[in-house]
Amino acid sequence: VIIEAMKYGKLIVSTNTGGIPEIIDHEIDGILFEKGDFKGLADILDRIFEKPKLREKLIKNAFEKVKKFSLTKTNDQITKEIALLLD
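Scoring rules and cut-offs
- The residue numbering used here restarts from 1 in each chain and proceeds along that chain's sequence as written.
- Thresholds applied to this predicted model are a pLDDT of at least 70 for local features of residues and 80 or more for the giving and counting of side-chain atom pairs; totals over whole chains, interfaces and linings are not thresholded and use all residues.
- Neither water nor hydrogens contribute to the side-chain values; these are computed over all heavy atoms in the structure.
- Among buried residues, those of type Ala, Val, Leu, Ile, Met, Phe, Trp, Tyr and Cys that are joined through side-chain atoms within 4.5 Å constitute a nonpolar core.
- Each residue gets one of three labels from its accessible area relative to the maximum for its type: buried under 20%, exposed over 50%, partly exposed in between, using a 1.4 Å probe on protein chains only.
- Secondary structure elements are taken from DSSP: a helix is a run of H or I of four residues or more, a strand is a run of E of two residues or more, and numbering for both begins at the N terminus.
- In what follows, residue pairs with any heavy atoms lying within 4.5 Å of each other are defined as contacts.
- Under the rule applied, a polar contact is a pair of N or O atoms within 3.5 Å (in protein, one hydrogen donor and one hydrogen acceptor; residues adjacent in sequence only if both atoms are side-chain atoms).
- By salt bridge we mean one thing: a side-chain nitrogen of Lys or Arg within 4 Å of a carboxyl oxygen of Asp or Glu.

Engineer: Hey, could you run me through the nonpolar core in this one?
Structural biologist: Looking at soluble globular proteins, one finds that nonpolar side chains tend to be buried together. Counting nine residues, the largest nonpolar core consists of I2, M6, I12, I20, I23, I24, L32, A62 and V66. Looking at this core, the elements that each hand over two or more residues are α1 (2-7), α2 (20-23) and α4 (52-66). Those residues in contact with I20 that sit more than four places away from it in its chain are I2, S14, T15 and L32.

Engineer: How should the side chain of D29 be read in this particular structure?
Structural biologist: For D29, the location among the structural elements is in the loop between α2 and β2 (31-33). Among the polar contacts listed, one links the side chain of D29 to the backbone nitrogen of D25, at a separation of 2.8 Å. Each residue touching D29, except ones within four places of it in the same chain, is listed here: I12, I23, I24, L58, N61, A62 and K65.

Engineer: How should the pattern of salt bridges be read in this particular structure?
Structural biologist: Following the criterion strictly, the structure yields five salt bridges and no others. With a closest N to O distance of 2.8 Å, E27 and R47 form a salt bridge. Of the two residues, E27 is situated in the loop between α2 and β2 and R47 in helix α3 (residues 38-50); the sequence distance between them amounts to 20 residues. Residues joined in a network through salt bridges with shared partners are D25, D29 and K65.

Engineer: Help me understand the side chain of K65 in this model?
Structural biologist: Mapped onto the secondary structure, K65 falls in helix α4. K65 gets classed as buried once you look at its relative accessible area, which sits at 13%. If we ignore the near neighbours within four places in the chain, the residues touching K65 are M6, I23, I24, D25 and D29.

So this is what it looks like as structure tokens:
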């Protein structure tokens, strides 16, 4: 869902749990916060609404990053890894 949102130019604000930090680089292409930190989330939301240039930067960077997550590239990578295992 995060990758799809990035593809459609949506700002990503998410918890830093699971595989999410492997996709999002904090303050580069999205903003991460600790699970359950509602004050931290509120502060983040205030900040991104007060700083339109920050929002634009995060969205632009995320859109550029998502290009590397294409299905073709992923399939090619998996095929190469399987071939290495079979050799």
